[in-house]
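Descriptive structure summary
The lines below spell out each chain.
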Amino acid sequence: MQLTPKITQIVNHLETIQPFNPQNSLDGARKFLETMTLQLSGRKESVTMIEELYIQQENHRIPIRVYRPAGKKTEQSSAIVYIHGGWFIAGGYETHDAVVRKLANKTGSAVIFVDYRLAPEHPFPAGLNDCMDAVQWVFENAQSLGIDPDKVGIIGDSAGGALSAAVSTQSGKKLKFQVLIYPAADNQLNSKSWKTYENGPVLNKQGGIEAWAWYLPEEEKDNPLAIPALIKNFEETPSTLIILAEHDPLLDDGKKLAENMKNAGVEITTSLYKDMIHGFMHMGELLEEVSLAVNEMADFACQNLKSYQ
């Protein structure tokens, strides 16, 4: 594993992060993600407005944030539903705030960030149901949200990539594009890249085993809506961009998912970011690749919305 000096600097810094007073490994994992993103994400871009709303369900509410891009006042804007990562057990508004602001401004789209329920308090399928319900709600309320229902896509990173991949298979072809950023596509953790990077950087195998155990009940172990590597039916999956990082234990699982999609006839683009590590989208303070990836996602979104202008 040959890491660049800048990535080595980041990895060395990550090793110094000591979450404050972690109660257990779950609390530690959540605080580590919060600390990493706070310290490395860099400057947060200004947006026109951030609205915090709740989608009322039968027994709970799904919190969402709607980010309105800077300089955009047009009604009937395009929209992106964003599903965050964090091994299904961590993450939320603040961990992904800097990334989502960049995406809103670069794409000119309203970004709807879904703060879905997390495991282990809420194991599968709770989080997935929240994501699917949120997507449905966006379409049902497009007019009041000022969104064009014919210009909606979905983006998910890591665990959010797994959730997005599942959501898009159930969307009734309403979503016009999908971006999966280093998706957590399999729960086996036995690929070649997992063997190479089982001790990191960023992710490690023991943490992955714990996270999947918290997330996935025994009776759901073969459910393709939980494990994208098992998905056979991609009939409703829209044109997809998969962004991968070279030094990432999830690399091979992401490649395999891309291959499965391609073999199923999905219009697929795979983009490998050389020298990058898992979670690099949160490292804009030091990595110019974050802007390159945001630009690539924005170009992909625009290309796939052109036919709906």
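This text goes with the structure placed above it.
The shown structure was predicted, so the numbers you read here are calculated from the model rather than taken from an experiment.

**Some words on the sheet that holds strand β2 (residues 61-68)**
- Strand order in the open sheet formed by eight strands is β1-β2-β4-β3-β5-β6-β7-β8, with mixed pairing between adjacent strands. Bordering the open sheet on either side are β1 (49-56) and β8 (268-277), each of which pairs with just one other strand. Here the strands of the sheet are splayed against their neighbours by 20° on average, with no regard to which way each runs.
- In the sheet, strand β6 (residues 178-181) pairs with strand β7 (residues 240-247) via four bridges, with the strands oriented parallel. Within the sheet, the bridge partner assigned to V179 lies in β7 and is L241.
- The sheet contacts of helix α3 (residues 93-107) involve β1, β2, β3 (77-83), β4 (110-114) and β5 (147-157), and relative to β2 the element is tilted by about 40°.

**Quick notes on the pattern of salt bridges**
- Inspection of the entire model under this criterion finds twelve salt bridges.
- For R65, the salt bridge identified is with E52, shortest N-O distance 2.8 Å. Of this pair, R65 sits in strand β2 while E52 is found in strand β1, placing the two residues 13 residues apart along the sequence.
- The exposure class assigned to R65 is buried, which follows from its relative accessible area of 9%.

**A short note on the packing of aromatic side chains**
- Evaluated as defined, the whole model comprises ten aromatic pairs.
- Taking the centre distance of 6.4 Å and the plane angle of 15° together, the rings of W87 and W194 count as stacked. Linking W87 in the loop between β3 and α3 with W194 in helix α7 (residues 192-196), this pair joins segments that are 107 residues apart in sequence. By the burial criterion, W87 is buried, and W194 matches it.
- One aromatic cluster is present, built from ring pairs that chain together F88, F124, W212 and Y215.

Criteria and cut-off values
Residues numbered from 1 in each chain as written. Predicted model: local features only at pLDDT ≥ 70, side-chain atom pairs only at ≥ 80, totals over all residues. Heavy atoms only, no water. Pairing = 2+ DSSP bridges. Helix = DSSP H or I, 4+ residues; strand = E, 2+ residues; numbered from the N terminus. Axes fitted to C-alpha atoms, helices over the stretch in contact; angles between N-to-C directions. Contact = heavy atoms within 4.5 Å. Salt bridge = Lys/Arg side-chain N within 4 Å of Asp/Glu carboxyl O. Buried < 20%, exposed > 50% of the residue type's maximum accessible area, 1.4 Å probe, protein only. Phe/Tyr/Trp six-rings, centres within 6.5 Å; stacked < 30°, edge-to-face > 60°.

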